[in-house]
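Now for the letters of each chain:
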Amino acid sequence: MSEDGSTTLQGTPNPEAPNPQLPIVQKLRIRYAKRGRLRFTSHRDFGRAFERAVRRAGLPIGYSSGFTPHPKISYAGASPTGAASEAEYLEIGVTRPLDPREVGDRLDEALPDGLDVLDVVVATPGALADRLEGSRWSIQLPGLSADEVEGPVETLLSRDELLVERMMKKGPRTFDIRASIVALATEADPDDATCAILDLVVRHGTPSVRPDDVLVGLRSECGLGTGLTPVATRLAQGPLDATTGSVGDPLAHDRDAS
């Protein structure tokens, strides 16, 4: 019997444990996107939608033992509400081996349009969260030209420290965002001369620096104009090469092992 009394040494449910569950025999790592209007989906809303999709897809998801079993789903590095993303990740545990491609197809069909499954791989040992060292963001700034944005960006990059304030669960907190900014560049939107685009690479930390934090710093300390509502999209999330400012694929090791 395991220490928590949930399974026997042979990995079968222990009938004496509360709500005994089948053991996890395979873990799958999933990359998904939040697009269009679904970028306003909160992390909690997505969690509910994903659990419903798992049921609709008929996946043999594993559950925790105890009096309130929960599905074996682990989320990593979720983007803030309102931000679009092409690189969100989670991991599920299932009670029998599955074909990753079939899982991806079934989940993608069960999820609403705008929440799209992009990749599914069999997990190898090691924590997925440890591979998510940084993110690359594209931030559209409607109403501001690249020339108007370039000066404030240069001012920010010249600073050794840039403090911003964000409201946390326990109240306002002031922290330095400059140390987390690995790269920041300005380019013009090829389809709209009045819309600048920021190419931002940040190192993950505590608290994690968000696109909104960078915009607050640019506006309050570096002279950036207001413009229209910005739109941030996470393009990549994974291993960080601080020398080149590149963000790698966190599922590459799992894919190579398969």
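Residues numbered from 1 in each chain as written. Predicted model: local features only at pLDDT ≥ 70, side-chain atom pairs only at ≥ 80, totals over all residues. Heavy atoms only, no water.

Asker: Describe the overall build of the chain, naming the residues involved and giving the relevant values.
Answerer: For the chain, the count of helices and strands is five helices and twelve strands. Oriented by its inertia axes, the alpha-carbon framework of the chain measures out at about 65 × 35 × 35 Å. Sequence separation of 24 or more characterises 71% of the internal contacts of the chain that already satisfy a separation of 6 or more. Of the accessible surface of the chain, which amounts to about 13600 Å², a share of 49% is contributed by carbon and sulfur atoms. Counting 29 positive and 38 negative side-chain charges, the chain places the averaged centre of each group 7 Å from the other. (Helix = DSSP H or I, 4+ residues; strand = E, 2+ residues; numbered from the N terminus. Contact = heavy atoms within 4.5 Å. Areas by Shrake-Rupley, 256 points an atom, 1.4 Å probe, with all protein chains shown as cover. Lys, Arg positive; Asp, Glu negative; His and termini not counted. Charge placed at Lys NZ, Arg CZ, Asp CG, Glu CD.)

Asker: Which residues make up the nonpolar core, and what values go with them?
Answerer: Judged by nonpolar contacts, the single largest core of 25 residues is most densely connected at Leu198 and Leu218. Secondary structure elements with two or more residues in this core: β5 (134–142), α3 (146–158), β8 (181–189), β9 (192–203) and α4 (211–221). Looking at this core element by element, the count peaks at four residues for β9. In contact with leucine 198, not counting residues within four places along its chain, are Trp137, Ser138, Ile139, Leu141, Val149, Val153, Leu184, Ala185, Thr186, Leu215 and Leu218. Grouped together as the second largest cluster of nonpolar side chains are 23 residues, Tyr32, Leu90, Leu111 and Val120 included. (Core = buried A, V, L, I, M, F, W, Y, C linked by side-chain atoms within 4.5 Å. Buried < 20%, exposed > 50% of the residue type's maximum accessible area, 1.4 Å probe, protein only.)

Asker: Provide a residue-level description of α4, including the pertinent values.
Answerer: Of the residues making up α4, those classed as buried are Pro211, Asp213, Val214, Leu215, Gly217 and Leu218. The positive-phi residue at the C-terminal boundary of α4 is glycine 223, with phi of around 85°.

Asker: Give me the lowdown on the packing of aromatic side chains, citing residues and values where you can.
Answerer: Throughout the structure, instances matching the rule amount to three aromatic pairs. Residues tyrosine 32 and phenylalanine 46 carry aromatic rings whose centres are separated by 4.2 Å and whose planes lie at 5° to one another, so their mutual orientation is stacked. Linking tyrosine 32 in strand β1 (residues 26–34) with phenylalanine 46 in helix α1 (residues 43–57), this pair joins segments that are 14 residues apart in sequence. Residue phenylalanine 46 is classed as buried on the basis of its relative accessible area, which comes to 2%. An aromatic cluster is present here, built from Tyr32, Phe46, Phe50 and Tyr75 joined pairwise through their rings. (Phe/Tyr/Trp six-rings, centres within 6.5 Å; stacked < 30°, edge-to-face > 60°.)

Asker: Describe unusual backbone geometry, naming the residues involved and giving the relevant values.
Answerer: With an omega dihedral of -5°, the bond running from threonine 206 to proline 207 counts as a cis peptide bond. Of note, proline 207 is situated in the loop between β9 and α4.

Asker: Summarise the pattern of salt bridges; cite the residues concerned and give the values.
Answerer: Under the counting rule described, the total for this entry stands at 13 salt bridges. In this structure, the salt-bridge partner of arginine 136 is aspartate 199, at a minimum N-O distance of 2.8 Å. Of this pair, arginine 136 sits in strand β5 while aspartate 199 sits in strand β9; the two residues are 63 residues apart in sequence, bridging distant segments of the chain. With a shortest N-O distance of 2.7 Å, arginine 255 and aspartate 249 are connected by a salt bridge. Exposure remark for aspartate 249: the relative accessible area of 34% places this residue in the partly exposed category. Put simply, Arg29, Glu91, Arg131 and Asp254 are held in one network by salt bridges that share partners. (Salt bridge = Lys/Arg side-chain N within 4 Å of Asp/Glu carboxyl O.)

Asker: An account of the pairing of β8 is requested, with residue identities and associated values reported.
Answerer: Pairing analysis gives eight bridges linking β8 to β9, with the strands arranged antiparallel. Opposite isoleucine 181, over in β9, you have valine 202 as the bridge partner. The antiparallel pairing of β8 with β9 creates a hairpin that spans two residues between the two strands. (Pairing = 2+ DSSP bridges.)

Asker: I'd love a proper account of the confidence of the model for the chain, names of residues and values included.
Answerer: Confidence in the prediction of the chain, expressed as mean pLDDT, is 92, and 93% of residues score 70 or more. Confidence over residues 1–11 falls short of pLDDT 50; this stretch has 18 contacts with residues more than four positions distant or in other chains. (pLDDT = per-residue confidence, 0-100.)

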